[in-house]
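So you can see what is in the structure, the chains are spelled out below.
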Amino acid sequence: MTENTNFRIERDSMGDRQIPSNVYYGIQTLRAIENFAISGIKPLSTYVDACLIIKKATAIVNGELGCIPLDISQAIVQAADEILAGKLRDQFVVDVYQAGAGTSHHMNINEVLANRALEILGAEKGNYQRVSPNDHVNYGQSTNDVIPTAIRIGGLLALTHTLQPALEKAITALETKAVEFQNIVKSGRTHLQDAVPVRLGENFRAWSHILSEHQNRIYTASGDLMVLGLGGSAAGTGMNTHPQYRHRVVEVISQIMESPMEPAPHLMAAMQSMAPFVNVSGALRNLAQDLAKISHDLRLMDSGPKTGFKEIQLPPVQPGSSIMPGKYNPVMAEMTSMVCFQIMGYDNAIALAAQAGQLELNVMMPLIAYNLIHSMEILGNTIAALTERCIEGITANKERCLAYAEGSLALVTALNPHIGYLNAADVAKESLETGKSIRQIVLEKGLMSEAQLATVLNLEQMSALH
Ligand SMILES: N[C@@H](CC(=O)O)C(=O)O
């Protein structure tokens, strides 16, 4: 615990180590850096925020209840506030793939807070007799109750700051396009074959509805994240906590989050079961599956310009090809598809991790934390980018849409009630073989009058919602 210009000596239960004197993390973080040079991926900033919110609340409550000295409690709170405001963010350095349960990341948080609190109190970094990462910052806590709580809070932060606003904007943008394209008639396609006509605007309205239903599903699933098992400490029994701590700490977190959290009715259950995360991840996967479908549709409808559908034009945002001049690719939709596949992969890994709990604990939480929060953030960023750089700028090729609708063999479907399915099928077959229009064949065969046909083969009417 001495400090010289280049390093200080810190001690843990395994011995002494030199720690660079300028860093705020300590000996346990150093060991984790050495042990886990795995992906180079550092903890997500939202996850760090979630841990800091917990540590701020626990310091307030442990100070109030007389479990830690008030000056230390206040210094930890100040340190947490400073870091939440953006300071020392480069001090959270443990690889995402690390010690089971997340003890290494958790100790990284405890050490940085302790060392900054020491400075605030006028002491030297590493003087853990004065402020200890374990005895003060972590008083009455364990990785085992802090990390599942941090995943809940991190999930809620990612949802409110990133995913929900992006979904809102996308839903509105799709509805705006629905209104703009409401009168454009196009051919429907089922099995990728000609089907009855539809309105381009209604395609966009359907997508808007699909996203809004996913928004509701995610919102409902995220209710589970508001039930916190903090206070369970190491095994869910609450050992080493003050009797009033577990309720009070949830009240304080609710105040910090400006959102009503609840204490879990059974702390062991909250620690052992990863079901809330599986539920939210499942809702994200569900959204990703439909979003992938929408992005594939956008690419298909924009295909061409000479050899594809080109029913719509996605706004060109960058040259598409390194060799083919003048080529513009549907890059925003392509990116969206890839992110959606990543979300599905993350969800698979979360499902595997969630069933791997044993006895009192599920140690696979670091994977769940990263995958869940990252899923929300990359989905939110993707939806925001797709909305701004693609959906809002889509234009329709009205003539191309109409030409396909007029040429669709499935128009004969409208003749069913008048000439019967089998006669209509013959008309379709002849039209395909001869290239004559459906109208012409029906008239030639004397199956219907011109006046009748004018009413029945009315594209506007056929494509309206019935
Ligand atoms: N995850 C640790 C507890 C802790 O880090 O607080 C254990 O159960 O061994």
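Each value, and the rule that gives it
Residues numbered from 1 in each chain as written. Predicted model: local features only at pLDDT ≥ 70, side-chain atom pairs only at ≥ 80, totals over all residues. Heavy atoms only, no water. Helix = DSSP H or I, 4+ residues; strand = E, 2+ residues; numbered from the N terminus. Rg over C-alpha atoms; globule rule 2.2 N^0.38 Å. Buried < 20%, exposed > 50% of the residue type's maximum accessible area, 1.4 Å probe, protein only. Areas by Shrake-Rupley, 256 points an atom, 1.4 Å probe, with all protein chains shown as cover. Core = buried A, V, L, I, M, F, W, Y, C linked by side-chain atoms within 4.5 Å. Contact = heavy atoms within 4.5 Å. Expected span 1.5 Å × (residues − 1). Axes fitted to C-alpha atoms, helices over the stretch in contact; angles between N-to-C directions. Parallel < 35°, antiparallel > 145°, perpendicular 65-115°, else oblique. Left-handed = near helix turned anticlockwise from the far one by under 90°. Nonpolar A, V, L, I, M, F, W, Y, C, P; charged D, E, K, R; others polar. UniProt positions renumbered as here; feature names shortened; annotations may be inferred. Pairing = 2+ DSSP bridges. Near = heavy atom within 4 Å. Polar contact = N/O pair within 3.5 Å; in protein donor to acceptor, adjacent residues only side chain to side chain. Disulfide = S-S within 2.5 Å. Patch = residues over 30% accessible without salt bridge, like charges linked within 9 Å, V, L, I, M, F, W, Y side chains within 5 Å. Salt bridge = Lys/Arg side-chain N within 4 Å of Asp/Glu carboxyl O.

Caption draft 1: Quick peek at the overall build of the protein. What the protein contains, in helices and strands, is 18 helices and 8 strands. Compactness check: the protein gives a C-alpha radius of gyration of 30 Å against a globular reference of 23 Å for 466 residues, more than 25% above the reference. Expressed as lengths along the three principal axes of its C-alpha atoms, the size of the protein is roughly 100 × 50 × 35 Å. Counting every position in the protein, which comprises 466 residues, the buried fraction comes to 51%. About 20900 Å² of surface is accessible on the protein, with carbon and sulfur atoms providing 54% of the total.

Caption draft 2: Layout of the nonpolar core. In terms of nonpolar packing, the biggest core is built from 119 residues, with L163 and I253 touching the most fellow members. The element best represented in this core is helix 6 (residues 143–180), accounting for 17 residues. Look past the residues within four positions of I253 in its chain and what remains in contact with it is I53, I54, A57, I153, L228, L230 and M261. Judged by nonpolar contacts, the second largest core, of 19 residues, contains L411, I419, I438 and L459.

Caption draft 3: Spatial organisation of helix 2 (residues 45–64). Between its first and last C-alpha atoms helix 2 spans 28 Å; for 20 residues at 1.5 Å apiece the expected length is 28 Å, and the two agree. Taken across its 20 residues, helix 2 has 16 buried, putting it largely inside the fold. Of the residues one or two after helix 2, G66 is the one with positive phi, at around 75°.

Caption draft 4: Structural view of the packing of helix 11 (residues 331–354) against helix 12 (residues 365–389). The geometry of helix 11 relative to helix 12 is characterised by a closest axis approach of 9 Å and an angle of 165° between their N-to-C directions. In this view, helix 11 runs roughly antiparallel relative to helix 12, as classed from their interaxial angle. Where helix 11 crosses over helix 12, the two elements pack in a sense that is left-handed. In terms of residue class, the contact of helix 11 with helix 12 is made up of 18 nonpolar, 6 polar and 1 charged.

Caption draft 5: The UniProt feature "domain: Fumarase C C-terminal" (unreviewed entry) in the protein, seen in detail. Within the UniProt annotation, "domain: Fumarase C C-terminal" (unreviewed entry) is assigned to residues 411–462. In residues 411–462, the share of helix is 69% and the share of strand is 0%. The end C-alpha atoms are 9 Å apart.

Caption draft 6: Quick peek at the pairing of strand 1 (residues 7–12). Burial of strand 1 is one-sided: the residues R8, E10 and D12 facing one way are buried, the residues F7, I9 and R11 facing the other way are not. Bridge analysis of strand 1 against strand 2 (residues 15–20) gives 6 bridges, and the strand direction is antiparallel. In the strand pairing of strand 2, R11 is matched with D16. Two successive antiparallel strands, strand 1 and strand 2, enclose a turn made up of 2 residues.

Caption draft 7: Unusual backbone geometry, seen in detail. In the segment running from G304 into P305, the intervening peptide bond is cis, with an omega of 5°. As for its placement among the helices and strands, P305 is situated in the loop between helix 10 (275–301) and strand 7 (312–313). The backbone of A101 shows a phi angle near 75°, a positive value even though the residue is not glycine. Its location among the elements puts A101 in the loop between helix 3 (70–84) and helix 4 (103–120).

Caption draft 8: Geometry of the site of the ligand. Around the ligand, a shell composed of A101, T103, S142, T143, N144 and L361 is seen. With respect to the ligand, the side chain of N144 contributes an N or O atom lying 2.7 Å from a nitrogen atom. Its free accessible area being 270 Å², the ligand has 56% of it covered by the protein chains.

Caption draft 9: Local environment of the state of the cysteines. Enumeration over the complete set of coordinates arrives at 0 disulfides. Looking at the unpaired C340, the closest cysteine sulfur is the one in C390, lying at 13 Å.

Caption draft 10: Local environment of the packing of helix 2 against helix 8 (residues 245–257). At their nearest, the axes of helix 2 and helix 8 sit 9 Å apart, and the two run at 130° to each other. Accordingly, the angle class assigned to the pair helix 2 and helix 8 is oblique. By crossing handedness, the relation of helix 2 to helix 8 is classed as right-handed. Contacts between helix 2 and helix 8 involve I53, I54, K56, A57, T58, I60, V61, N62 and E64 from the first element and Y245, R248, V249, V252, I253, I256 and M257 from the second. Counted by class, the contact of helix 2 with helix 8 contains 11 nonpolar, 2 polar and 3 charged residues.

Caption draft 11: Molecular detail of the UniProt feature "domain: Fumarate lyase N-terminal" (unreviewed entry) in the protein. UniProt tags residues 17–345 as "domain: Fumarate lyase N-terminal" (unreviewed entry). Secondary structure across residues 17–345 divides into 57% helix and 7% strand, with the first and last C-alpha atoms of the span separated by 39 Å.

Caption draft 12: Structural view of the environment of V179. Considering the arrangement of structural elements, one finds V179 in helix 6. Remark: the alpha-carbon pair of V179 and P325, spanning 146 residues in sequence, is separated by 35 Å.

Caption draft 13: Summary view of a nonpolar patch on the surface. On the surface, I38, I41 and Y97 cluster together into a nonpolar patch covering about 260 Å² of accessible area. The residue Y97 is located in the loop between helix 3 and helix 4 in this model.

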